[in-house]
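# Understanding the architecture of this molecule
Residue-level listing of the chains:
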Amino acid sequence: MNETTLCVVGNVATQPVYRESPAGPTARFRLAVTSRYLDREKNVWTDGHTNFFTVWARRSLATNVAASVAVGDPLVVQGRLKVRTEQRDGQGWLSADLDAAAIGHDLSRGTSAFRRSSRPEAQTGPPPQPEPNWETEPPSPPEEAERSQPVDQPAAGTVTMT
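Computed from a predicted model, the values in this text were never measured in an experiment. (Residues numbered from 1 in each chain as written. Predicted model: local features only at pLDDT ≥ 70, side-chain atom pairs only at ≥ 80, totals over all residues. Heavy atoms only, no water.)

## A look at the packing of aromatic side chains
Across all of its chains, the model carries 0 aromatic pairs by this definition. The positively charged end of Arg 88 is found above the aromatic ring belonging to Trp 93, 4.7 Å away from the centroid. (Phe/Tyr/Trp six-rings, centres within 6.5 Å; stacked < 30°, edge-to-face > 60°. Lys NZ or Arg CZ within 6 Å of the ring centre and 35° of its normal.)

## What about the layout of surface pockets?
A water-sized probe rolled over the atoms picks out the places where empty space is left. One number sums up the size of the largest pocket: a volume of about 570 Å³. Around the largest pocket, the lining comprises 18 residues; the ones closest to its centre are Asn 64, Ser 68, Ile 103, Phe 114 and Arg 115. Top element by residues in the lining of the largest pocket is helix H1 (residues 59-68). It accounts for 7 residues. In the lining of the largest pocket, the residues fall into 8 nonpolar, 8 polar and 2 charged. (1 Å grid on protein atoms, 1.4 Å probe; cavity = no way out; pocket = protein on both sides within 12 Å on 5 of 7 lines; lining within 4 Å. Points joined across faces, edges and corners; volume = space filled by probe spheres on them. Helix = DSSP H or I, 4+ residues; strand = E, 2+ residues; numbered from the N terminus. Nonpolar A, V, L, I, M, F, W, Y, C, P; charged D, E, K, R; others polar.)

## What to know about unusual backbone geometry
The phi torsion at Arg 59 lies on the positive side, around 55°, for a residue other than glycine. Of note, Arg 59 is situated in helix H1. The phi torsion at Asp 89 lies on the positive side, around 50°, for a residue other than glycine. Relative to the assigned elements, Asp 89 resides in the loop between strand E5 (74-88) and strand E6 (91-105).

## Here's the deal with the pattern of salt bridges
Using the criterion set out here, one finds 9 salt bridges in the structure. We note a salt bridge from Arg 80 to Asp 99, for which the minimum N-O separation is 2.5 Å. Of this pair, Arg 80 sits in strand E5 while Asp 99 sits in strand E6, and the two are 19 residues apart along the sequence. The residue Asp 106 makes a salt bridge to Arg 109 at a minimum N-O spacing of 3.1 Å. What makes Asp 106 buried here is its relative accessible area of 12%. (Salt bridge = Lys/Arg side-chain N within 4 Å of Asp/Glu carboxyl O. Buried < 20%, exposed > 50% of the residue type's maximum accessible area, 1.4 Å probe, protein only.)

## A look at the environment of Val 77
Looking at the secondary structure, you find Val 77 in strand E5. C-alpha separation for the pair Val 77 and Val 9, spaced 68 residues apart in sequence, amounts to 6.5 Å. In this structure, Val 77 is in contact with Leu 6, Cys 7, Val 8, Leu 31, Val 55, Leu 98, Ala 100, Ala 102 and Ile 103, ignoring residues within four places of it in sequence. (Contact = heavy atoms within 4.5 Å.)

## Side note on the environment of Ser 112
Mapped onto the secondary structure, Ser 112 falls in the loop between E6 and helix H2 (144-147). Sequence separation between Ser 112 and Ser 68 is 44 residues; the distance between their C-alpha atoms is 9.9 Å. When sequence neighbours within four positions are dropped, the list of residues in contact with Ser 112 reads His 105 and Leu 107.

Shown next, in the form of structure tokens:
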């Protein structure tokens, strides 16, 4: 399947709008992505053109966006690009939407504290398995019968060589 997947870095331009629907939760917000370039004549960095994307998040991503994202936050968004054209009041409009697969704060411009979201009580699928013990187990202590044998007599079932 040929889809255009993008990864964009920008700032949140509008407050996220969260909605519950029969299909599941959704959230949307606008992301401003401004290019910057070095003006060699003035030797300063200058802002270039700003592109605006409408970012759509669905299901648990939408819930987490509503709890974590605010206007002005620097974000990294990865998702599928969808360009729409439509006619409104006799004028042609073009919009670029990102159907987000992943959204995160841009840690090159600040810090963030991650908190794992809780899962719903009802789970579909097999019950969770206990976490495996990855530690190396210490050697087991000798059996009680082996410890009670006198030192000069071999334990039962052992062969002595003379």
